[in-house]
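Below are the chains, spelled out letter by letter.
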Amino acid sequence: MKVTLKVWRQKNATSAGEFKTYSSPELNENMSFLEMLDVINEDLAIKGEEPIAFDHDCREGICGTCSLVIDGKPHGPHKGVATCQTYMRSFKNGDEIVIEPWRAKAFPIIKDLVCDRKAFDRIQHAGGFISVRTGAAPDANSIPVPKEDADLAMDAAQCIGCGACVAACKNASAMLFVAAKVSHLGLMPQGQPERYKRVKAMVDQMDAEGFGSCTITGSCEAVCPKEISLDFIARMNRDYAVALFKGEPKKTAGGGAG
Amino acid sequence: MATLNSNIPAGPLASKWEKHKFSSKLINPANKRKYKVIVVGAGLAGASASATLAELGYEVHNFVFHDSPRRAHSVAAQGGINAAKNYQNDGDSVHRLFYDTIKGGDYRARESNVHRLAEVSVNIIDQCAAQGVPFAREYGGLLDNRSFGGAQVSRTFYARGQTGQQLLLGAYSALNKMIGAGAVKSHTHSEMLDLVVVDGHAKGIIVRNLQTGEIARHSADAVVLATGGYGNVYNLSTYARGSNVTASWRAYKRGATFANPCYTQIHPTCIPVSGDYQSKLTLMSESLRNDGRIWVPKRKEDCGKNPADIAEGDRDYYLERMYSAFGNLAPRDVASRAAKYVCDEGRGVGETGLGVYLDFAESIKRLGESKVRERYGNLFSMYHEITNEDAYKTPMRIYPAVHYTMGGLWVDYNLMSNIPGLFVLGEANFSDHGANRLGASALMQGLSDGYFVLPATISTYLATVKAGQRPATDKAEFKEAEDNVSGFIKRVTSGNGKRSPDSFLKELGKVMWDHCGMARTADGLQKGIQLIGSLREEYRTNLKVLGDIDGWNQSIEKAGRVADFIELGELMCRDALMREESCGGHFREEYQYTAADPEVQQGIVNAGDVKRRDDQFAFVAAWEYAGAADKAPILNKEDLKYEEVKMSTRSYK
Ligand SMILES: Cc1cc2nc3c(=O)[nH]c(=O)nc-3n(C[C@H](O)[C@H](O)[C@H](O)COP(=O)(O)OP(=O)(O)OC[C@H]3O[C@@H](n4cnc5c(N)ncnc54)[C@H](O)[C@@H]3O)c2cc1C
Ligand code: FES
């Protein structure tokens, strides 16, 4: 099979980008989408043209690095599948395929199809953790966790941090990403002490990073390669409301008399 | 010659670690913040070390080439992590985990390190559970376990098929907390390209910012490398595409010795290669061998048939037949070689004939499809995406692939290399797995090194360094190292060769797989060394790197990594050639059991199993750079002394 690609090329964050058209050599339908791009890039290199920059690493749907909008859809045609797990058998001979980067204010473009997602890390720095000093943990079985809670927490914890949810959302909201982390930690008994402080800190940072607000269109869930459920957003909203109601924790004075 | 002092503490094996911790030097809390530690890598090893060192009060700087610490290759680990918790009450203990690991490594690991690993394993699970890692649970709320190869107990903890992801996110969250608190400075998209050694001590690194192309110098009181394994020297492997040897290799060229580079793990259960365009191989977790049965047709003529049409009696469940005590859970090196043998006999399946079946029909009948889906659902769907086949209905096809490297930079008991002040953790060091790693033990080692070992041992070195005395970055050694890095980049971008870095890696990978892969011979290795020598020469003259120096340029990144892989490949062949024995994953065809050997006749091993030569090769081979890529490296030896276990023939029958 052969396809034609319309690819977004942009030199760096400040320059204007444009679509460029490339026709592929003969491809095999068992190639992955990224292997198809490898082939195109090898071709370009031989011709002396700079290869297309695109992000990838594990190529098995778990690291969250790959990030292509394929024909208008983050991660391409299939539900619950990342870009790197998309195969050429999903396309037909002669197709024209449009490839763009994630587009969101909080994810500035670095080059071509690569964008900067460090804003996600900064949200996690603000509160995406349970505070437990190394070596200070009790025996793992001393706190049983009901299987249903652990399973639900795992459903949320599967998030690969790719940012497709942001790329799909017309408001470029990061609610699904933040809700997944907040729900994972908030569902575990170990996560209770910091539950409300955490949600407040993470949501505040999300706003500070310039992500948009959520109007529950559900486009995030539809493109999530791990099919993380919109229900987690409702769960986070409840926790957030409680956090606002509780207000800032009272500060107690350190030290003592003596 | 390098000086290798393993610094193994005296005393009985089981109390070495406790005693050592007690006798290690401490640094008082007020002084700790005057010490700056650079940690390169944020996989399980690097993230856990960075977080813990910062908790202790050190000033920590963490560097990763990824855009985020969360993307380290550890994220891809599927199956699980071992710990001697004995929650199943099935006879497990620290001693048993220790023994299994030593035996699994074919008696080529350092006894004291392995015992410490087994001791610490129990604390790891506690730590991770407290961080909120959503491990699999039983209905009563307690932790669930599964079995992995090379063990007859259930000691593997897991989080669906995404254990590495969940453990990494746990370590990443601990790291995030310290970054948020200002105790760790995180440098992402920052690739270490050289080590700076001042007066014989590791005192800094040179880093290229992948986003801007800027090259910067960083100085510190100690440098920690937790930069992962080097299996991508084979091009096709289960590693993430970005995994590379550069950090370790540049340290090697600065004087750190590289131990047992030829010890490579070829994992038995991966999706077979389908074509020349392929960029990576996908692992199907070993945990599948809990419920899947491996077989090929007994007769060559049946290989092309639909597996459903091959009668039970015409199938050869060869692992169950050859290794009845462990069956489908034989260790990886054993299972991989067995797959190679049956395929070499012409009994392989699939288009290329390089594949065997992993069949779930019986488990589905026994447990029901929904139970199998609950255990392995994500693996079955991954298999489906890649092959377009439904493994609930027809058996998976699998074949061995490069998966892990047991070799790495040499370290002593404190995890310090032979360069004082340079520590090496996780897959990047050589210490715990000997010639073969057991499943679910790499995650354990990474977290053991990072959470518990390094934080206790680093102070012994730092106590010898005066606080506040680290060299300034305008020192000559920093300048020389920076010039070295920028010189390379200028050279490769101004060359007018014709070939891309990728095309060289592809060629190197093929040489490595053919000559230094699952089965090695003296002739083949010599041929490999020759081929790599010419490839190195062509790389120098015919490489083409396009694009600008300042700014994002993946060709520049690859150019450096591939240059290092080429040199490493040659060292691996030399190491494999020197090691005239077979052990674990290192199989020299000249050294195998045959029907004439008493061990085969007594039923301890099979003909074709690896044959060690303890009288001559019970040592760690630590190679030292001789100053130029085309000069033969110098071999240093650390003898392996076993106090507790007796070196014996490894039997899984
Ligand atoms: C598919 C797969 C499945 C696996 N499953 C299991 C399993 O079930 N159980 C198990 O125990 N083990 C498993 N393993 C093995 C295990 O995952 C790895 O050995 C382990 O995670 C390695 O961790 P690490 O911290 O040493 O390195 P990595 O996780 O590889 O991290 C390396 C880090 O170093 C950084 N880095 C590297 N070089 C540089 C440089 N030059 N400059 C800056 N930064 C650099 C990277 O950015 C990264 O942060 C699996 C491996 C694979 C490939
Ligand atoms: S490359 Fe890792 S998720 Fe796609």
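A quick note: this is a predicted structure, and the numbers were derived from the prediction, not measured.

A. Examining the sheet that holds strand β2 (residues 59-63) of chain B more closely. Residues and elements named next belong to chain B. One open sheet accounts for five strands, arranged β5-β2-β1-β9-β17; its pairing is parallel. Edge positions in the open sheet fall to β5 (184-187) and β17 (422-424), since each of these has one partner strand only. With direction set aside, neighbouring strand axes in the sheet form an average angle of 20°. Note that β2 and β5 share four bridges and pair parallel. Across the sheet, H61 pairs through a bridge with K185, a residue of β5. Taken strand by strand, helix α3 (residues 44-56) contacts β1 (36-40), β2 and β5, and its axis lies near 160° from that of β2.

B. The arrangement of the domain arrangement of chain A in detail. Residues and elements named next belong to chain A. Here chain A is described as being made up of domain 1 (4-111) and domain 2 (117-245). Between the C-alpha centres of domain 1 and domain 2 the distance comes to 29 Å. Contacts between the two partners involve 21 residues from domain 1 and, on the opposite side, 22 residues from domain 2. Taking both partners together, domain 1 and domain 2 bury about 1600 Å²; carbon and sulfur atoms supply 61% of that area. In this structure, the connection of domain 1 to domain 2 is made through two salt bridges.

C. Looking closely at the environment of G229 of chain B. In this fold, G229 of chain B is placed in the loop between β9 (222-225) and α7 (246-253). Considered as a pair, G229 of chain B and R588 of chain B are 359 residues apart in the sequence and their alpha carbons are 22 Å apart.

D. Here's a closer look at the site of ligand 1. Residue and element names in this part refer to chain B. By nearness alone, 36 residues border ligand 1, and H66, S74, M192, E427 and L443 come closest of all. One nitrogen or oxygen atom from the side chain of S74 is found 2.5 Å from an oxygen atom belonging to ligand 1. Between ligand 1 and A442, the relevant distance is 2.9 Å, taken from an oxygen atom to a main-chain nitrogen or oxygen of the residue. Across the complex, the protein chains shield 98% of the 1000 Å² of accessible surface that ligand 1 would expose by itself. Looking at the shell around ligand 1, the elements that each hand over two or more residues are α3, β6 (190-198), β15 (396-405) and α12 (442-462). Sort the elements by how many residues they give to the shell around ligand 1 and β6 lands first, with three residues. Its residues assigned to classes, the shell around ligand 1 comprises 18 nonpolar, 15 polar and three charged.

E. Representation of the pairing of strand β11 (residues 264-270) of chain B within the structure. Residue and element names in this part refer to chain B. Most of β11 is tucked away: seven of the seven residues are buried. Two elements, β11 and β15, share five bridges in a ladder whose sense is antiparallel. Note that in β15 the partner of Q265 across the bridge is Y404.

Definitions and limits used
Residues numbered from 1 in each chain as written. Chains lettered and ligands numbered in written order. Predicted model: local features only at pLDDT ≥ 70, side-chain atom pairs only at ≥ 80, totals over all residues. Heavy atoms only, no water. Pairing = 2+ DSSP bridges. Helix = DSSP H or I, 4+ residues; strand = E, 2+ residues; numbered from the N terminus. Axes fitted to C-alpha atoms, helices over the stretch in contact; angles between N-to-C directions. Contact = heavy atoms within 4.5 Å. Domains from an automatic or database assignment. Buried area = accessible area lost by both parts, 1.4 Å probe. Salt bridge = Lys/Arg side-chain N within 4 Å of Asp/Glu carboxyl O. Near = heavy atom within 4 Å. Polar contact = N/O pair within 3.5 Å; in protein donor to acceptor, adjacent residues only side chain to side chain. Areas by Shrake-Rupley, 256 points an atom, 1.4 Å probe, with all protein chains shown as cover. Nonpolar A, V, L, I, M, F, W, Y, C, P; charged D, E, K, R; others polar. Buried < 20%, exposed > 50% of the residue type's maximum accessible area, 1.4 Å probe, protein only.

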